[in-house]
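# Structural features, examined
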Amino acid sequence: MTMARMALGRAVALLTVLLLLAPLGANRASADEGWNDGTILIQAAPGEVVTQDGYPIRTAGPGSSVSLDLYIRNNASVGQTAVLWLHRPDDWHCVLTGSLVLPPGGSGKAMLRIDVPNHKGIDPDGTYTFRVEAVGNTTGDRAFILVILKIVSNVDHTFLIYPANAKSGDFQVYPGQRTFMDLLVRNIGNIADAYTLTIGEHRTDWDIQFREGSELLTIDLSPPEFENIYMTRLEVAVPGNVVPGEVLELELRCTSELASLHSTGRTFSSVSIRLLVVHGASIGLVPGTSLIELSALEETSVTVTVVHSGFIGCSYAPTASVILDGVQQSDWALETRYEGDGLLENGETEEFRVFIKAPSSALGEHILRVGASSQQAIVKPVDIRLVVYPIANIAFENVRGGPFLHLEDVEVTFDVVNSGTVSQDLVVSVHDVPEGLTAKTVPDGPFRLGPGSIRTLKVIYLPSEGAVRSAFDIQIICHYVDTRMGVLLEAARTSYRVVFIDALDITVIDLEIPDGQVTEGEEVRFNITIRNSGQVDIPMVEIMVHEVTFSLSRLEIGRNSTSLTAGEVRTITFTWRARPSAQSIRVEAALASGAQDSDPSDNEISRPIYVLPSKRGADPTNDGTPGGYVPAGAALAAVLGFGTLAGLLIFLVNTDLFRYPFFFTLYPLYSKLRPETLLSNKLRKRIYVYVQNNPGEHFRSILVKLNLTNGTLAHHLCTLEKEDLIRSEKDGLYRRFYPAGYHMIDNTARLSAIQRSILDCIEKRPGLSQKDISGELSLSNSTVNYNVKVLEEKKVIESKRVGKSTSLFPVKDTNS
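Residues numbered from 1 in each chain as written. Predicted model: local features only at pLDDT ≥ 70, side-chain atom pairs only at ≥ 80, totals over all residues. Heavy atoms only, no water.

Considering all chains together, one arrives at eight aromatic pairs under this definition. Geometrically, the ring pair formed by Trp-35 and Phe-144 is edge-to-face, given 5.9 Å between the ring centres and 80° between the ring planes. Of this pair, Trp-35 sits in the loop between helix H1 (2–27) and strand E1 (40–44) while Phe-144 sits in strand E9 (residues 142–151), and the two are 109 residues apart along the sequence. In terms of burial, Trp-35 and Phe-144 fall into one category: buried. By way of ring pairs, the aromatic residues Trp-35, Tyr-55 and Phe-144 are connected into one cluster. For the cation-ring pair, Arg-337 lies above Phe-355, with the distance from its terminal atom to the ring centre recorded as 3.9 Å. Lying over the aromatic face of Phe-180, Lys-380 brings its terminal NZ or CZ to 4.0 Å of the ring centre. (Phe/Tyr/Trp six-rings, centres within 6.5 Å; stacked < 30°, edge-to-face > 60°. Helix = DSSP H or I, 4+ residues; strand = E, 2+ residues; numbered from the N terminus. Buried < 20%, exposed > 50% of the residue type's maximum accessible area, 1.4 Å probe, protein only. Lys NZ or Arg CZ within 6 Å of the ring centre and 35° of its normal.)

Have a look at this one:
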């Protein structure tokens with residue numbers, strides 16, 4: 001509430017000052033008493049050039065901007081707000097800081113920007129004054145300062161006969177002829193100006209006027225950086241009664257309005273035209289085109305219509321020449337062919353053709369000057385533009401690149417081929433680059449490409465945040481450099497579609513399981529946290545949870561499917577009944593429908609877990625007195641005694657079919673052991689670990705591998721099986737032993753689409769390398785490497801070293 005009252009108070013104070021300013025500004029012309037003698041003071045910034053009165057003075061040209069700082073000082077003992085006001089000339093655009101909050105005895109800086117107009121309404125050498133006023137809202141004290149701006153400009157122009165760019169010219173005319181001369185006016189100053197074109201005194205029987213229809217023409221021209229050229233035409237109608245040999249001299253004048261008004265710069269300029277009357281016949285040439293484009297060594301032609309005017313007939317002979325930089329070229333092949341007889345009467349027309357063949361060295365823009373020679377008539381030649389393209393035959397080939405991941409650097413590679421006969425200086429540019437990407441070419445800038453040469457270039461796009469994700473088309477254009485004309489001419493262009501693919505990335509962040517031991521059969525809850533680390537939503541993610549036993553086999557605990565938006569983090573809870581065979585819990589996350597994860601290295605996580613076997617059948621209050629548990633040593637001695645007697649019988653029978661059942665029948669003679677002492681016996685633990693690591697081994701194999709006696713091995717196997725730490729199954733003449741809870745699982749049943757594709761390749765063509773698979777399935781090396789490791793862990797494939805390379809083979813029996 002206090003803040004609101006303070007803001008309201010400041011607003012009321014400002015409004016009061018503004019109301020005071022209006023009459024102050026209106027009446028300041030009467031007197032400046034009371035100004036600059038209070039607590040508010042305006043000063044120029046240090047370093048400013050100032051007048052004797054301390055007013056800043058600047059110079060500027062038309063169309064420029066001037067910025068300067070003004071310091072407002074508060075000499076009062078209380079803080080106040082200074083409200084600023086500016087008085088400026090009409091039509092000027094200025095920006096001034098509106099107000100400043102000033103502490104007691106402090107100062108603030110205000111900015112003033114003046115945009116100098118550029119039109120004929122300003123004085124090109126004038127001085128303009130700007131008055132800046134400030135009023136304190138607390139004391140009401142007033143101050144002002146004047147800003148002096150001196151305009152510095154150049155008022156200048158040229159007036160010429162075109163295309164000769166001359167100040168004078170001689171022209172031949174004949175009686176009754178209507179002809180013209182082109183005139184050019186150019187503003188070469190730095191300020192907009194108006195020009196008046198006039199025709200000097202001449203004989204009244206000659207009809208002479210500007211193309212616009214009068215003898216007086218007024219035009220406006222901007223400075224050179226804008227439209228600063230105007231072209232008009234002086235049209236002359238020669239009287240029919242003039243005699244050949246007569247001469248009419250004309251003076252045309254161009255007068256600057258600014259220079260005349262302000263007495264500065266070039267006031268006027270003039271051109272002189274001399275008209276000589278000759279015989280009464282004229283030949284006009286009208287080309288079929290004003291522009292001819294051709295390649296070096298190419299032959300083409302142009303048709304020219306010959307128009308006769310005047311009072312007498314005439315004969316003519318067509319001529320043609322090629323001009324470059326004012327010099328006639330001798331290496332062009334030129335030929336003229338008549339379509340008529342070369343004789344014309346008044347008003348007749350006929351045609352001739354000019355055949356042109358450019359030399360191999362020709363390049364850029366030339367002039368084809370077509371004329372005619374005649375003893376009876378005046379002939380005005382015409383110029384036709386010739387643009388010669390190189391014979392280089394520049395082309396783009398083998399454009400490649402992509403598809404690309406979002407926010408990945410985009411690199412498009414292509415070849416520039418010169419299949420022509422001359423070297424060319426080339427420049428490659430890229431167009432239609434979408435917002436969010438910055439394009440650069442490598443190499444950047446011009447390069448020379450010789451005949452028959454190929455140059456490989458790249459276009460690299462550097463993305464920013466928010467860059468496009470979908471496909472877009474780019475235009476790649478190659479220009480050749482015309483060093484004589486100083487221009488770039490297009491040599492080749494191509495388009496290419498840049499395609500993006502969205503990166504999918506699932507990350508398993510954490511697996512929370514209980515700390516310490518859990519008891520067999522206990523229901524354990526654990527939380528799995530996953531994140532969508534990619535840039536797009538994922539409709540289906542499959543989470544699979546396995547119990548990993550001491551034999552490294554995997555028993556599925558459960559699985560779940562969910563969807564994740566881009567960047568979403570989600571926690572999923574699973575329950576599991578603890579089993580003593582468990583060594584760790586493993587979580588894997590996979591994309592559904594065979595989609596590829598851009599970073600599969602973070603798709604799984606494992607945590608160890610410790611399961612304590614339960615005390616089946618034990619009295620919780622029993623402390624080991626007779627009738628309860630017996631010490632492990634005593635039990636072991638009893639087993640060894642009975643084992644000695646039974647060994648004589650087992651020795652006679654050489655198969656598992658008799659060994660293990662016989663000793664198993666003796667097991668009731670032994671007392672149950674405490675759960676915590678089950679694996680305290682080193683030999684029993686050794687047998688247990690061996691079964692965990694070698695599920696499916698039969699009795700005889702374990703006996704030989706561990707170098708044990710029949711009775712000892714049978715006793716411990718019976719103990720472990722009775723305590724549900726292992727289990728056994730009959731297999732023909734053998735009995736095979738497995739960890740408790742072990743299932744015969746087909747490891748290929750839960751392979752991803754990519755892993756199954758890799759396995760299919762290996763099964764069809766055993767001995768493939770990872771590089772072979774990468775090329776055949778169009779997968780990256782890192783993706784193949786990761787999935788091969790998973791297949792090896794699942795024991796469905798194996799790798800073998802062959803020479804310097806590693807080959808991959810399928811494993812037929814995944815549980816052996």
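So that's the structure; there's more coming.
Where a strand is regular, its side chains alternate between the two sheet faces. Within E9, nine of the ten residues are buried, which leaves it mostly tucked inside the rest of the structure. In the sheet, strand E2 (residues 57–60) pairs with E9 via four bridges, with the strands oriented parallel. When the sheet's bridge partners are listed, Ala-60 is paired in E9 with Ile-151. Across nine bridges, strand E8 (residues 127–136) lies against E9 in antiparallel orientation. By the bridge assignment, Phe-130 is partnered in E9 with Val-147. Between E8 and E9, which pair antiparallel in sequence order, lie five residues; one of them, Gly-140, sits at a positive phi of approximately 75°. (Pairing = 2+ DSSP bridges.)

Turning to the sheet that holds strand E18 (residues 268–277), a few remarks are in order. Taken in spatial order, the five strands line up as E11-E18-E17-E13-E15 in an open sheet, and their pairing is mixed. Strands with a single pairing partner mark the edges of an open sheet, and in this sheet they are strand E11 (168–173) and strand E15 (216–221). Between one strand axis and the next, the sheet turns by 20° as a mean value, whatever way the strands run. For strand E17 (residues 247–256) and E18, the ladder comprises nine bridges, and the chain directions are antiparallel. Across the sheet, residue Leu-252 finds its bridge partner in E18, namely Val-271. (Axes fitted to C-alpha atoms, helices over the stretch in contact; angles between N-to-C directions.)

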